[in-house]
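Breakdown of the fold
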Amino acid sequence: MRYTIQLNKWNFSIKELDYTTLVTVPHTWNVDDNVMKHRGTAEYETILKIDENLKGKKAFISFNAVYHTAKVYVNGELVGEHSRSGFTPFKFDVTDKVIFGAENKIKVLVDNTHIDEMLPHMNDFDWADDGGIIRKAELQFTEPNSIEYLRAEEKIEVINDNLCNGSLVIKTAFLDGKAKSGTVKIIDYSNNKVVIEKHFDNIENEVTVDFKNLKLWSCYSPNLYRIALETENDYYEIRTGLRSIEVKGESILLNGKEIYLKGCEWMPGSHPDFGMAEPLEHSIKCLKQLKNAGCVFTRFHWQQDESLFDWCDENGLLVQEEIPYWGYPKQTTPLQLDIAKQQADEMVYFHSNHPSIVFWGVGNELGAETEPTIQYVKDMVAYFKSLDGRRLVNYVSNTLSRVENIDKDDATLYGDVAMWNDYLGLWEPSDDIENHMIRTCKKAEGMPLIVSEFGLCEPHFKGGDKERARILKERLEMYGGIRNIKGYMWFSLNDYRTHCGEAGEDKMRQRVHGSTDLYGNEKPSYRLFCNL
C-alpha cells in the first residue's frame with residue numbers, strides 16, 4: 001500500500017563557479033576540493049520515471065535535512081520552500097505536480113549563506129556550515145486516505161526494574177480526516193511477537209490502549225516495541241520504548257530510580273571526507289566510542305538524523321537534542337522565538353517517538369543573566385511542554401559561574417535541570433577553581449545540575465592531550481564532591497570541523513578539543529576517560 005523511491009543520484013552544479021558533477025545524496029559540497037570555499041546557492045537536479053501503476057496514489061517528496069534553505073521544484077513548478085531550519089526533516093505534497101507513467105524532473109535550490117532569519121544565526125555557531133542535501137531524500141506514495149502520522153505517548157506505573165503497567169495514548173492523523181475502523185497492535189521488537197491487539201471504530205485523532213507487564217526501556221535494558229495501526233486500506237507503524245524521566249528535588253529519575261548521567265558530546269559532521277553528509281557507519285563508530293567509555297548520555301547542539309536516534313534507542317544512550325541557538329544575538333527578539341518554535345514543532349513531530357531523547361534543549365550560551373534570555377527560556381520551556389509531556393526541557397549556560405553574576409538570576413535555573421558549561425581557569429579565569437565551582441553549584445541548590453561541557457580547546461589553550469587528561473581527572477574528582485551535580489558532559493569526544501576553528505583551513509578547519517581526532521582515532525585522554 002506504500003511505496004518509496006530513494007532519490008540518491010543527482011546532477012549537482014554551482015553556476016557562478018561553472019561547476020557541474022554527479023553526486024550521491026547525502027551530499028555536501030563543502031568537502032569537495034573544487035568548491036569547498038563556496039557559501040551561497042547550489043542546484044541539485046534528478047530525473048526519474050514514475051510508474052503508471054502508481055497513478056491514483058498520493059505522492060510526497062521528503063527530505064531528512066537540507067542545509068539550510070531549500071526551494072523544491074517538480075517539473076518546473078515550485079512545490080515548497082523549507083527555511084529557517086537546516087537540520088530538521090520536511091516534506092511536500094507533490095501529487096498534482098508529478099506525471100505518472102513519464103519522466104519527472106526534480107530540482108532543489110540549496111543555500112548555505114549565513115543569514116539573520118535562521119537558527120543557527122548568521123555565523124554565530126561553533127560547527128561546520130556544510131551546504132547541501134545532507135541527509136536522505138525520497139519520494140513516497142500512499143493511498144489517498146492513508147495514515148499521515150502516528151505517535152505514542154505512554155503513561156506508566158513502574159512495577160519493578162524490568163516491567164510496567166499503564167496506557168499508550170496513540171495519536172494519529174489521516175489524509176482524509178478519519179478511518180472507519182482500525183486495529184492497533186503492540187509488537188515486541190525483540191521477537192516480533194504481538195503482545196496486544198485491539199480494534200477500534202471511527203478513529204479520528206487518538207485512541208488509548210491499556211497494558212500490563214510490558215518491558216521498560218532503560219540505558220541498561222533498551223527494550224523496544226513496534227506500535228502498528230492497520231485500517232481498511234493502510235498499515236503504518238512506529239517504534240518506541242516505555243520509560244519515564246522526571247526530576248525530584250536534586251535528583252533525575254529514570255523509571256523512578258535516580259540516575260547519574262556520565263556523558264560525552266560527539267560533534268557529528270567532522271570527518272573531512274564526508275562533512276555533514278557523514279555515513280551512518282562512521283556515526284555508529286563514534287556512538288560506540290561513547291558507549292565503550294561507559295557513557296549513558298550525550299548532547300547534540302543541533303538536530304540529528306533519525307538513524308542516529310534509532311541507534312541510541314537500540315543501545316540505551318540518553319540524548320539531549322537542542323535547537324541550534326548559540327551565542328548571538330544575545331538580545332532575543334520575536335524573530336528568534338518564532339524560529340525556535342518552528343524548530344520545536346518539527347523536532348516533536350518527527351522525533352518524539354524516540355525513547356532515547358529524554359531532554360529537549362532550547363539554546364546554549366546566550367547571555368543567561370539578561371532578561372531577554374531569561375524570558376526566552378521561560379517561553380520555550382513552556383512551549384516544548386505544551387507539545388510534549390514526556391521529556392524535560394533545559395537551557396545551557398556559560399554565565400552561571402561568572403564572578404560578576406554570582407548573585408544574579410540565570411536562565412538555566414528556569415529549565416528542569418540546570419546545565420552549566422565549566423571552563424573555569426580556561427575561557428573563564430579563576431584563582432580558586434574548586435571554591436568557585438562550589439559557589440556556582442550553590443546557585444542551583446534544590447535542583448539537579450549537569451556540567452554540560454568541560455575540556456581543553458587547542459591551540460587557544462596549551463598543553464596538548466596531556467593537559468586535557470589532567471583536566472579530565474581533576475574535574476571529575478571535584479564534581480564527585482558536590483551534592484547537586486548529577487552528571488557531566490566531557491567536551492568533546494572528537495576534534496571537530498567548525499567554520500570558526502583556530503586550526504586548519506577549509507574542510508580541515510577545526511577545533512582541537514577532542515579525545516579522538518577528526519577521523520575517530522583515539523588519543524590517550526580517551527583511554528583515561530574510559531577508565532574513570
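Attention in this report is confined to the structure presented alongside it. Source: prediction; values computed, not measured.

1. Notes on the packing of helix H3 (residues 334-351) against helix H4 (residues 371-387)
The interhelical angle for the contact between H3 and H4, taken along N-to-C directions, is 25°, at an axis separation of 10 Å. Accordingly, the angle class assigned to the pair H3 and H4 is roughly parallel. Between H3 and H4 the crossing geometry is right-handed. Where H3 approaches H4, its residues Gln336, Leu337, Ala340, Lys341, Ala344, Asp345, Met347 and Val348 are matched on the opposing element by Tyr376, Asp379, Met380, Tyr383, Phe384 and Leu387. Class assignment for the residues of the contact of H3 with H4 results in 10 nonpolar, 1 polar and 3 charged.

2. Description of the packing of aromatic side chains
Inspection of every chain in the model, using the stated rule, returns 26 aromatic pairs. Relative to Trp302, the ring of Trp127 has its centre 4.9 Å away and its plane inclined at 25°; by these criteria the two rings are stacked. Here Trp127 is found in the loop between strand E9 (102-111) and strand E10 (137-142), whereas its partner Trp302 is found in the loop between strand E22 (297-300) and helix H2 (306-315), with 175 residues between them in sequence. Taking the relative accessible area as the measure of exposure, Trp127 reaches 1% and is therefore buried.

3. With respect to the nonpolar core
Soluble globular proteins tend to pack their nonpolar side chains together in the buried interior. Membership of the largest hydrophobic core comes to 59 residues, with the highest contact counts inside it found for Ile323, Tyr376, Met380, Phe384 and Leu449. The residues touching Met380, leaving out its near neighbours within four places in the chain, are Ile323, Leu337, Ala340, Lys341, Ala344, Val362 and Val393. Within the second largest apolar cluster, 35 residues are counted, among which are Tyr44, Val79, Phe92 and Phe100.

4. With respect to H4
With 17 residues, H4 should reach 24 Å at 1.5 Å per residue; the first-to-last C-alpha distance of 25 Å fits that figure. All of the buried residues along H4 are Thr373, Ile374, Tyr376, Val377, Met380, Val381 and Phe384. The buried side chains of H4 occupy one side of the element, clustering within an arc of 160° when seen end-on. Lining the buried residues of H4 we find H3, strand E24 (357-364) and strand E25 (392-397).

5. Observations concerning the sheet that holds E9
The strand order across the open sheet built from 6 strands is E3-E2-E4-E9-E6-E7, with neighbouring strands paired in antiparallel fashion. With partners counted over all chains shown, the strands left at the sheet margins are strand E3 (19-24) and strand E7 (77-82), one partner each. For this sheet, the mean angle separating the axes of adjacent strands, direction not counted, is 20°. In the sheet, strand E6 (residues 69-74) pairs with E9 via 6 bridges, with the strands oriented antiparallel. When the bridges of E9 are listed, Tyr73 appears paired with Lys107.

6. Concerning the packing of helix H5 (residues 433-443) against helix H6 (residues 464-479)
Packing of H5 against H6 brings their axes to within 11 Å, and their N-to-C directions diverge by 45°. The angle between the axes of H5 and H6 places the two elements in the oblique class. The interaxial crossing formed by H5 with H6 has right-handed handedness. Contacts between H5 and H6 involve Ile433, Glu434 and Met437 from the first element and Arg475, Met478 and Tyr479 from the second. Considering only residue class, the contact of H5 with H6 consists of 4 nonpolar, no polar and 2 charged.

7. A word on unusual backbone geometry
Both trends apply: most residues other than glycine have a negative phi, and most peptide bonds are in trans. With omega at -10°, the peptide bond leading from Tyr67 into His68 counts as cis. Tracing the backbone shows His68 in the loop between strand E5 (58-63) and E6. Cis geometry is found at the peptide bond from Leu119 to Pro120, where omega equals 10°. Following the sequence through the fold, Pro120 ends up in the loop between E9 and E10. Even without being glycine, Met122 reaches a positive phi, approximately 45°. The phi angle at Asp506 is positive, at roughly 50°, despite the residue not being glycine. Mapped onto the fold, Asp506 is located in the loop between strand E29 (496-497) and strand E30 (510-511). Look at Asp506 and you get partly exposed, because its relative accessible area is 32%.

How each quantity is defined
- Residues numbered from 1 in each chain as written.
- Predicted model: local features only at pLDDT ≥ 70, side-chain atom pairs only at ≥ 80, totals over all residues.
- Heavy atoms only, no water.
- Axes fitted to C-alpha atoms, helices over the stretch in contact; angles between N-to-C directions.
- Helix = DSSP H or I, 4+ residues; strand = E, 2+ residues; numbered from the N terminus.
- Parallel < 35°, antiparallel > 145°, perpendicular 65-115°, else oblique.
- Left-handed = near helix turned anticlockwise from the far one by under 90°.
- Contact = heavy atoms within 4.5 Å.
- Nonpolar A, V, L, I, M, F, W, Y, C, P; charged D, E, K, R; others polar.
- Phe/Tyr/Trp six-rings, centres within 6.5 Å; stacked < 30°, edge-to-face > 60°.
- Buried < 20%, exposed > 50% of the residue type's maximum accessible area, 1.4 Å probe, protein only.
- Core = buried A, V, L, I, M, F, W, Y, C linked by side-chain atoms within 4.5 Å.
- Expected span 1.5 Å × (residues − 1).
- Arc of directions from axis to C-beta.
- Pairing = 2+ DSSP bridges.

Worth remembering: the numbers are spatial, not functional.
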